[in-house]
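Below, each chain spelled out in residue letters.
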Amino acid sequence: MDLKNYKIPPRVFDEMLTDKNRARPGLTALVNYLRKMKDADMTERSRKAEMAIRTMGITFTVYSEGENIDREWPFDIIPRAIHESEWRTIEKGLRQRLTALNLFITDIYNDEKIIKDKVVPRDLLRSSKDFRPECRGMNPLFNTWAHVCGSDLVRGSDGTMYVLEDNLRVPSGVSYMLENRNISKQILPELFERHDILPVDDYPTQLFDTLSSISPRPLDYPEVVVLTPGIYNSAYFEHSYLAQRMGAELVEGSDLVVAEDDCVYMKTVEGLSRVDVIYRRIDDLFLDPEVFNKDSTLGVPGLMRAWKKGNVALANAPGAGVADDKVVYTYVPDMIRYYLNEDPILPNVPSYMCSEPLHQKHVLQNLESLVVKPANESGGYGMYIGPRESKRRTAEMKRLIKANPRNYIAQPIIDLSTVPTYCDGAIEARHVDLRPFILSGSKSYITAGGLTRVALVRGSLVVNSSQGGGSKDTWILATPEQK
Amino acid sequence: MLSRVAEKMYWFGRYVERAENTARIINVNTNLIMDLPRVKHIWSSLIEITGCEQEFQNRFTVVDERNVIKFLLLDDFHSIKSAVSNARENARTSREIMPTEAWEGINELHLYIKNNGEQGLKRTGRHEFLSEVLSQCHQLTGLLAGSMSDDVAYNFIKLGRHLERADMTTRITDVGCLNLLDTTRIELQDYDNILWMNVLRSLNAYQMYRQNVQDRVNGEDVVDFLLKNRKFPRAVAHCLSEAQVCCDALPNEDQTLRSITHAIRTVDTDVIRLLTEHKLHNFIDDIQLDLADIHNTIAASWFSYKINEDVLDTAN
């Protein structure tokens, strides 16, 4: 493949090539491999990857034109590589972050020290959509609320990795990370001979161990189940995938019942059978119609009662989402200093809180060059990207911010780093992010790499699969390269 | 195994079997009509077999080949299309239980019917269309037999299949015999032999019947063979004893076994002396009530729960 015409957008850091089109340190072998590969071979391998995805049935569901469509998972065969030395620092940073976040959640549902010490304003919680007063006084095992976290990392033009957001509610994507590796092993086997790539496929085992460790009954084989909203959920593939890999039952709300003894049981052909740990993939508000959304048919009446009595463990714990709020996010560096007395290893993206008058003024004056995000949306919905929006939308955004400043944060545009990507017969630069997954239970575990999402449309910074994003296999390279 | 998943397996078994049986009766009767051009009411008897007379009347005014075939191939009630799409829906939501190829198989059949269903409406394309449906159903059944562990899930599929099959055999026997025994339909008497053969063919039973019964094709023997034979796979007695075997492999099987045993006793009643129009119909009604009872027991034992102290005790 010809890389002579490979163009890195201005002010953008490319992860594989320098602006002189040379391989970055340690990636020479990978770049040479791409250079030597014949165009036809590339097309053929790309086609094979598509075939593999089809036969393996790797899909995601999008809601479009009034119906749910199962789409094949978009995958780019050129991997994204990160050195182990850099990765170890990122790992440390993520572990530090999660420790602080879990301490924060415990604190605000109990002693509120961080508020009393005026590090975080009380208002912030009162107005957070994901603060659950029902969780006050709870102390889940190991003081862990966010057992599974997916943090989104982006690399800026100077090569620094920033944390863009932490997903502490029901982060998804890990099954695609696992499948991406399976596909690239099939499609590019010779690269695995030449590179020492850290494995990712122990994730389901690690997840199972994490979930088992929080079981309220000290059993050798606690009953762990995956609770899904059902087939129409966009992440159903992943729910079923993880259940299968962990050897856990995949249950829907109607399969579970809370009995007189406030324990949770599942309905099986052999009778009712006690459940110890629920890896729930439904949002807080649908968990228990007795406490939250009365009309929810996805949840289990009495589930919160059982959880509060300590008869069942929920992962992630209800109320964990409070630390996932985009305004709370801006305080994470302060939390790390406050709880751990350490400096944050991974920086946040600089953020302006529209609720603070000075920040708001700056935001309203510079709206055309900023990204504005609603505090509590995921999947890239409701995002405003200054330079690309019409005048009308900009005026509308100004009105929205003034009307409800708490609901918005603004950030300078991070020109996400690029990675060479195979697009219609040529290799071109496309923007990427990275979502590693962090497990916390009796011990913690971080995936080697994570899910790299790539914006397949030229120039686009939106990597969400529901909006034209694809994905890449992510390699953590143990040794630079073979001599 | 989760009750919800068990129920899906059971219905998957039933719907695949229903699709296959429906395809076969249409195929056989389309052939028959070419031999008996003057007999019109064959089409209405196909609707009687499905038990959806009311739904048919709501939808169509005339009972003719075109409408009946449309109803049985592509409509929403008792058609091949609806059976396959129901089977697919059940498989889709329990993909982690069945072999991947089974999901792919039912999905393919669903797509085939969606894309080629119209072709089956006209006589020219019908045989080819139905043969393909039949053969894909057989493939699916064979695939499960060859690749699915004989565990709880598979036994629920088989239970559904055998119950549906027994049910269809009683319906076809019932309607077939009514036609033949109805003395007002005098024009049929001349074709008695052809029609009994048709009943057998509708159940793929002609060849096995000939090997089993040496005499010429006659009503008493046909009814006896289809209801009471223990070895022919579509005979009611055989289906019931297979269902018994499935139950033995399942937990909490007691009530269901009892209801199956009851049905077997009903079938064992001496049929030959009963063979007059009225009596036979009542007899088959009895069997159908028993089958309905088996279904209800299955649902109560495995698919739905009333939480009471008893159940909790066994759970702890």
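Cut-offs and rules
- Residues numbered from 1 in each chain as written.
- Chains lettered and ligands numbered in written order.
- Predicted model: local features only at pLDDT ≥ 70, side-chain atom pairs only at ≥ 80, totals over all residues.
- Heavy atoms only, no water.
- Axes fitted to C-alpha atoms, helices over the stretch in contact; angles between N-to-C directions.
- Helix = DSSP H or I, 4+ residues; strand = E, 2+ residues; numbered from the N terminus.
- Parallel < 35°, antiparallel > 145°, perpendicular 65-115°, else oblique.
- Left-handed = near helix turned anticlockwise from the far one by under 90°.
- Contact = heavy atoms within 4.5 Å.
- Nonpolar A, V, L, I, M, F, W, Y, C, P; charged D, E, K, R; others polar.
- Domains from an automatic or database assignment.
- Expected span 1.5 Å × (residues − 1).
- Buried < 20%, exposed > 50% of the residue type's maximum accessible area, 1.4 Å probe, protein only.
- pLDDT = per-residue confidence, 0-100.
- Core = buried A, V, L, I, M, F, W, Y, C linked by side-chain atoms within 4.5 Å.
- Salt bridge = Lys/Arg side-chain N within 4 Å of Asp/Glu carboxyl O.
- Pairing = 2+ DSSP bridges.

Another aspect to go through is the packing of helix 12 (residues 236-248) of chain B against helix 13 (residues 254-267) of chain B. Residues and elements named next belong to chain B. Between helix 12 and helix 13, whose axes approach to 10 Å, the crossing angle comes to 165 degrees. Between helix 12 and helix 13, the interaxial angle falls into the category roughly antiparallel. The chirality of how helix 12 crosses helix 13 is left-handed. Facing helix 12, whose interface residues are V236, A237, L240, S241, A243, Q244, C247 and D248, helix 13 presents T256, L257, I260, T261, A263, I264 and V267. Among the residues forming the contact of helix 12 with helix 13, the class breakdown is 10 nonpolar, four polar and one charged.

Once the domains are mapped, chain A shows domain 1 (217-311) and domain 2 (352-412). Spacing between the C-alpha centres of domain 1 of chain A and domain 2 of chain A amounts to 38 Å.

Bringing helix 13 of chain B into the picture now. Between the first and last C-alpha of helix 13 of chain B there are 20 Å, a value that for 14 residues agrees with the 20 Å anticipated at 1.5 Å per step. Taken together, the buried positions of helix 13 of chain B are occupied by T256(B), L257(B), S259(B), I260(B), A263(B), I264(B), T266(B) and V267(B).

Attention now moves to the packing of helix 9 (residues 192-202) of chain B against helix 11 (residues 219-228) of chain B. The relative placement of two packed helices is expressed as an angle between their axes plus a distance between the axes. Residue and element names in this part refer to chain B. Relative orientation of the contacting elements helix 9 and helix 11 amounts to 10 degrees, with a least axis distance of 10 Å. It follows that helix 9 is roughly parallel to helix 11 by the angle criterion. The segment helix 9 lies against helix 11, with W196, V199 and L200 engaging G219, V222, V223, F225 and L226. Its residues placed into classes, the contact of helix 9 with helix 11 shows seven nonpolar, one polar and no charged.

Overall, the prediction assigns chain A a mean pLDDT of 91, with 97% of residues at 70 or greater. Ranking the helices and strands of chain A by mean pLDDT puts strand 11 (residues 277-280) of chain A first, with 98, and strand 1 (residues 59-64) of chain A last, with 70.

Judged by nonpolar contacts, the single largest core of 140 residues is most densely connected at F104(A), Y203(A) and I278(A). Each of domain 1 (217-311) and domain 2 (352-412) of chain A accounts for three or more of the residues forming this core. In contact with F104(A), other than residues within four places in its own chain, are I114(A), V120(A), L125(A), A323(A), V328(A), M335(A) and Y339(A). If you look at the next biggest cluster of nonpolar residues, it comprises 99 residues, including A6(B), F56(B), V213(B) and A243(B).

As a further point, take the pattern of salt bridges. All names here are of chain A. Taken as a whole, this structure holds 50 salt bridges over all chains when the rule is applied. Measuring nitrogen to oxygen at the nearest pair gives 3.9 Å for the salt bridge that ties D201 to K185. Here D201, found in the loop between helix 7 (189-194) and helix 8 (203-213), pairs with K185, found in helix 6 (residues 174-187); they are 16 residues apart in sequence, far enough to count as distant. If you follow the salt bridges from partner to partner, you end up with D130, R132, R169, R280, D284 and D324 in one network.

We now examine the sheet that holds strand 6 (residues 224-227) of chain A. Paired through their backbone hydrogen bonds, the strands of a sheet run either parallel or antiparallel. Residues and elements named next belong to chain A. Here four strands make up an open sheet; going across it, the order is 7-6-11-12 and the pairing parallel. Each edge of the open sheet carries a strand with a single partner, namely strand 7 (249-251) and strand 12 (313-315). Direction aside, the axes of adjacent strands within the sheet are offset by 30 degrees on average. As paired strands, strand 11 and strand 12 are joined by three bridges and run parallel to one another. Note on strand 12: the bridge partner recorded for I278 is L314.

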